[in-house]
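# Topology and contacts: notes
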Amino acid sequence: CKVKVPPLTSAAEVLLDLVDDPATRSILVSQSAPATTRVSHDEDEPQLSTRSRFRPLLTRAWLNNARAPAATVAAVGRSVTMALLVGALYSGSRGTSTQTAVSDRTGALFFVLVNQAFSAMASLR
C-alpha cells in the first residue's frame, strides 16, 4: 500500500486517516509482518547510553526554541518575574521562621507553586 503524502501535510495525519478507514486497515493488517518475524531486542545488542538517547530530544527542544524566539523571551521574562517575586517575599525575613512569618507567606508561595506548575505544563506542548 503505497500512499503519497500531499505537500504541507503531516505523514502522521495521513497514517491516521489510513488506519481509520476500514478497507485500508484490512490491507495494512494483511501486509504487516507476522508477530514471529518482528524485531526483538537481543541481549547481545549494545544499549544506547543516556547521552545518546537524550541528544535527539535536546536537539529538537533547541530547534523549537530557535524557531519561536518570542516564546523563549516570554519564558525568560516569566522566570525573571517569578524570581523577583520570590526574592521580594524573602527579602526582609532575616531568618525569621516563626509561625506567623510562615503563615504570612503561604498564599504567595501557593501562587508561585501553581504558576510554576502551569508554566511547566505549558512548556511541554
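Residues numbered from 1 in each chain as written. Predicted model: local features only at pLDDT ≥ 70, side-chain atom pairs only at ≥ 80, totals over all residues. Heavy atoms only, no water.

### A look at the overall build of the protein
The line we're drawing: Here a helix means four or more residues in a row that DSSP labels H or I, a strand means two or more in a row labelled E, and each is numbered from the N terminus. The rule is simple: take the accessible area with a 1.4 Å probe, protein chains only, and divide by the maximum for that residue type; under 20% is buried, over 50% is exposed, in between is partly exposed. In this description, contact between two residues means that some pair of their heavy atoms is separated by no more than 4.5 Å. Shrake-Rupley sampling with a 1.4 Å probe provides the accessible areas, and residues are treated as covered by the protein chains on show and by no other component.
Within the protein one finds 5 helices and 0 strands. Its helices and strands taken in sequence order, the protein reads α-α-α-α-α from the N to the C terminus. Here the protein holds 125 residues, and the buried ones make up 8% of them. For the protein, restricting intrachain contacts to residue pairs at least 6 apart in sequence, the fraction spanning at least 24 positions comes to 39%. Of the accessible surface of the protein, which amounts to about 10,900 Å², a share of 64% is contributed by carbon and sulfur atoms.

### Some remarks on a negative patch on the surface
Here is the rule we go by: The patch calculation keeps residues exceeding 30% relative accessible area without a salt bridge and links them within 9 Å when they carry like charges or within 5 Å when they are nonpolar (Val, Leu, Ile, Met, Phe, Trp, Tyr). Here, a salt bridge means any Lys or Arg side-chain nitrogen found within 4 Å of an Asp or Glu carboxyl oxygen. By the counting rule applied here, Lys and Arg register as positive and Asp and Glu as negative, while His and the ends of each chain are not counted. Charge coordinates come from a single atom per side chain, which is NZ of Lys, CZ of Arg, CG of Asp or CD of Glu.
Together, Glu 13, Asp 17, Asp 20 and Asp 21 give the surface a local cluster of negative charge. With respect to the helices, strands and loops of the structure, Asp 20 is situated in helix H1 (residues 11–20).

### Points about a nonpolar patch on the surface
On the surface, Phe 54, Leu 57 and Leu 58 cluster together to form a nonpolar patch covering roughly 310 Å² of accessible area. Within the fold, Leu 58 resides in helix H3 (residues 50–67). In this structure Leu 58 comes out as exposed when scored by relative accessible area, which is 58%.

### Observations regarding the environment of Leu 89
Within the secondary structure layout, Leu 89 lies in helix H4 (residues 69–90). Since its relative accessible area comes to 19%, Leu 89 is described here as buried. C-alpha of Leu 89 to C-alpha of Arg 105: the two residues are 16 residues apart in sequence and 7.1 Å apart in space.

### Focus: helix H5 (residues 99–122)
Each α-helix turn comprises 3.6 residues. Residues three or four places apart therefore point the same way. Inclusion rule: Expected helix span is computed as 1.5 Å times (number of residues minus one).
With 24 residues, H5 ought to run about 34 Å at 1.5 Å a step, and its terminal C-alpha atoms sit 34 Å apart, in line with that. Packing partners of the buried residues in H5 comprise H4.

### Quick look at the packing of H4 against H5
Our working definition: For helices, the fitted axis covers only the stretch in contact; all axes are lines through C-alpha atoms, and the angles between them, taken along N-to-C directions, range from 0 to 180 degrees. If an angle is under 35 degrees, it is roughly parallel; if it is over 145, roughly antiparallel; if it lies from 65 to 115, roughly perpendicular; otherwise it is oblique. With the far helix as reference, a near helix turned anticlockwise by less than a right angle produces a left-handed crossing, and one turned clockwise produces a right-handed crossing. In this classification, Asp, Glu, Lys and Arg are treated as charged, Ala, Val, Leu, Ile, Met, Phe, Trp, Tyr, Cys and Pro as nonpolar, and every other residue, Gly included, as polar.
Relative to each other, H4 and H5 sit at 165°, their axes nearing to 11 Å. Between H4 and H5, the interaxial angle falls into the category roughly antiparallel. You can see that H4 and H5 cross each other, and the crossing is left-handed. Counting all contacts with H4, which are made through Arg 78, Met 82, Leu 85, Val 86, Leu 89 and Tyr 90, the residues of H5 involved are Arg 105, Ala 108, Leu 109, Phe 111, Val 112, Asn 115, Gln 116 and Ser 119. Tallied by class, residues from the contact of H4 with H5 come to 9 nonpolar, 3 polar and 2 charged.

From the geometry alone we can't say anything about function, so treat these as descriptive.
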